[in-house]
Amino acid sequence: MITIKSEREIELMREAGRLVARVLDMLENEIRPGISTKRLDELAEQFIRDHNAVPSFLNYVPKGESGVTPYPATLCVSINEEVVHGVPSTKRIIHEGEIVSVDCGVYKSGYHGDSARTYIIGEVDPAVRQLVDVTRECLDLGIEQAVEGNRLHDISAAIEKHARSFGYSVIENMVGHGIGSELHEEPAVPNYGRPHTGVKLRSGMTLAIEPMIALGRSRRAVSKRGAWAAVTEDGSYSAHFEHTIAIGKAQAEILTK
Ligand code: MF3
Ligand code: CO
């Protein structure tokens, strides 16, 4: 079931969303060669708790997957060929030339906000910089479609079209999602699809839109047995941006700004 949020609920989601944005802004100033991904995680968790909120991802267990270990951190920090769900570690030091997706969720006053950005560390290959820029544009173009009267896959198709026009591959087995009092709600929001298909979008629906785009040919992100981190099949770099948005009549409202 897709829930429609009241104005009161959206106001609470704005609060959660704004806090996520502040975490990612804060990390932008901390991330540099030499820092461990674990340190970034500690900074984020402290910041969230200092603002009377709780990390959404910490101890998260995907619904219907009782066998998996609960997610052990506040952030997902996914570097280079890692697509998503990289687990922070004291052993993983960030280096010049890498691209780092930092994904953060917070739970505040009963509602979640969820957002991710890919940071470029120092000088990177121009082709990699372009991947990051285009993935950000994919998110913007998807959000442009997130208006009442459009259909869900209008968002998906806009993302796919832009990515493909650069010859990139869309990661198809990882998707965006509805969000609200639960981190993952219906509907799934794929990053590929046919325009004018899928459920009709209505004002008050809240979605986390999150394109994951790769430089090579990989259309799937795969994990080693028991591991959280999901990587491209061909080892090519991938980028990831995410915003939590509310569908509006004329335009979407970005809640994680
Ligand atoms: N933004 C990601 C998602 O919505 C992060 C989830 S990590 C998890 O799927 F641990 F919470 F699953
Ligand atoms: Co998400």
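These notes cover the structure that comes with them.

Here is what the cut-offs are and how they apply
Residues numbered from 1 in each chain as written. Chains lettered and ligands numbered in written order. Predicted model: local features only at pLDDT ≥ 70, side-chain atom pairs only at ≥ 80, totals over all residues. Heavy atoms only, no water. Buried < 20%, exposed > 50% of the residue type's maximum accessible area, 1.4 Å probe, protein only. Helix = DSSP H or I, 4+ residues; strand = E, 2+ residues; numbered from the N terminus. Pairing = 2+ DSSP bridges. Donors = N, O, S within 2.8 Å, 3.2 Å for Na, K, Ca; no water. Tetrahedral: all angles 85-135°; square planar, octahedral: opposite > 155°, others 65-115°. Near = heavy atom within 4 Å. Polar contact = N/O pair within 3.5 Å; in protein donor to acceptor, adjacent residues only side chain to side chain. Areas by Shrake-Rupley, 256 points an atom, 1.4 Å probe, with all protein chains shown as cover. Salt bridge = Lys/Arg side-chain N within 4 Å of Asp/Glu carboxyl O. Axes fitted to C-alpha atoms, helices over the stretch in contact; angles between N-to-C directions. Parallel < 35°, antiparallel > 145°, perpendicular 65-115°, else oblique. Left-handed = near helix turned anticlockwise from the far one by under 90°. Contact = heavy atoms within 4.5 Å. Nonpolar A, V, L, I, M, F, W, Y, C, P; charged D, E, K, R; others polar.

Comments concerning the pairing of strand S4 (residues 99–108)
The two faces of the sheet receive side chains in turn, since in a regular strand these alternate between them.
At step 1: Of all 10 residues in S4, nine are buried, a share of seventy percent or more.
At step 2: As paired elements, strand S1 (residues 54–55) and S4 share two bridges and run antiparallel to each other. Residue pairing across strands places Pro 55 opposite Val 106, the latter belonging to S4.
At step 3: Pairing of strand S2 (residues 75–79) with S4 involves five bridges; the strand directions are antiparallel.

Thoughts on the coordination of the cobalt ion (ligand 2)
At step 1: Coordination sphere of the cobalt ion (ligand 2), protein contribution only: Asp 114 (OD), His 177 (NE2), Glu 210 (OE) and Glu 242 (OE), at 2.1 to 2.3 Å.
At step 2: Coordination at the cobalt ion (ligand 2) is irregular, judged from the six donor atoms that bind it and the angles of 66 to 170° they form at the metal.

Digging into unusual backbone geometry
At step 1: Cis rather than trans, the peptide bond between Glu 186 and Pro 187 has omega equal to 0°.
At step 2: Locating Pro 187 in the fold gives a position in strand S8 (residues 185–189).
At step 3: Of note, the phi angle at Asn 52 is positive, near 55°, even though the residue is not glycine.
At step 4: Within the secondary structure layout, Asn 52 lies in the loop between helix H2 (37–50) and S1.
At step 5: Take Asn 52: its relative accessible area is 67%, and that puts it in the exposed class.
At step 6: Phi at His 196 is positive, roughly 65°, even though this residue is not glycine.
At step 7: Within the secondary structure, His 196 is located in the loop between S8 and strand S9 (206–209).
At step 8: What makes His 196 exposed here is its relative accessible area of 64%.

With respect to the site of ligand 1
At step 1: Taken together, 13 residues surround ligand 1, and among them Tyr 71, Asp 103, Asp 114, His 177 and His 184 come closest.
At step 2: A distance of 2.7 Å separates an oxygen atom of ligand 1 from a polar atom in the side chain of His 177.
At step 3: A distance of 3.1 Å is found between a nitrogen atom of ligand 1 and a side-chain nitrogen or oxygen belonging to Glu 242.
At step 4: Protein contact buries 94% of the 330 Å² of open area that ligand 1 shows by itself.

Side note on the pattern of salt bridges
At step 1: Taken as a whole and judged by the stated rule, the model has 15 salt bridges.
At step 2: Ionic pairing is found between Arg 14 and Glu 11, a salt bridge with its closest N-O pair at 2.6 Å. Placement of the pair is Arg 14 and Glu 11 together in helix H1 (residues 7–30), with a separation of three residues, close to one helical turn.
At step 3: Residue class for Arg 14 comes out buried when judged on its relative accessible area of 15%.
At step 4: Across the pair Glu 172 and Arg 219 runs a salt bridge whose closest N-O atoms are separated by 3.0 Å. Of this pair, Glu 172 sits in the loop between strand S6 (169–170) and strand S7 (176–178) while Arg 219 sits in the loop between strand S10 (212–214) and strand S11 (221–222), and the two are 47 residues apart along the sequence.

Digging into the packing of helix H3 (residues 126–144) against helix H4 (residues 152–165)
A pair of packed helices is captured by two measures, namely the crossing angle of their axes and the spacing between those axes.
At step 1: Their axes nearest at 8 Å, the elements H3 and H4 cross at an angle of 155°. By the angle between their axes, H3 is roughly antiparallel relative to H4. Note that H3 runs across H4; the crossing there is right-handed. Here Val 134, Glu 137, Cys 138, Leu 141 and Gly 142 of H3 come into contact with H4, specifically with Ile 155, Ala 158, Ile 159, His 162 and Ala 163.
At step 2: Residue composition of the contact of H3 with H4, grouped by class: seven nonpolar, two polar and one charged.

Some thoughts on the sheet that holds strand S15 (residues 253–254)
At step 1: Here five strands make up an open sheet; going across it, the order is S8-S7-S9-S14-S15 and the pairing antiparallel. Where the open sheet ends on each side, the last strands, each with one partner, are S8 and S15.
At step 2: Pairing geometry for S9 and strand S14 (residues 243–246), over four bridges, is antiparallel. Residue pairing in the sheet places Thr 206 in a bridge with Ala 246 of S14.

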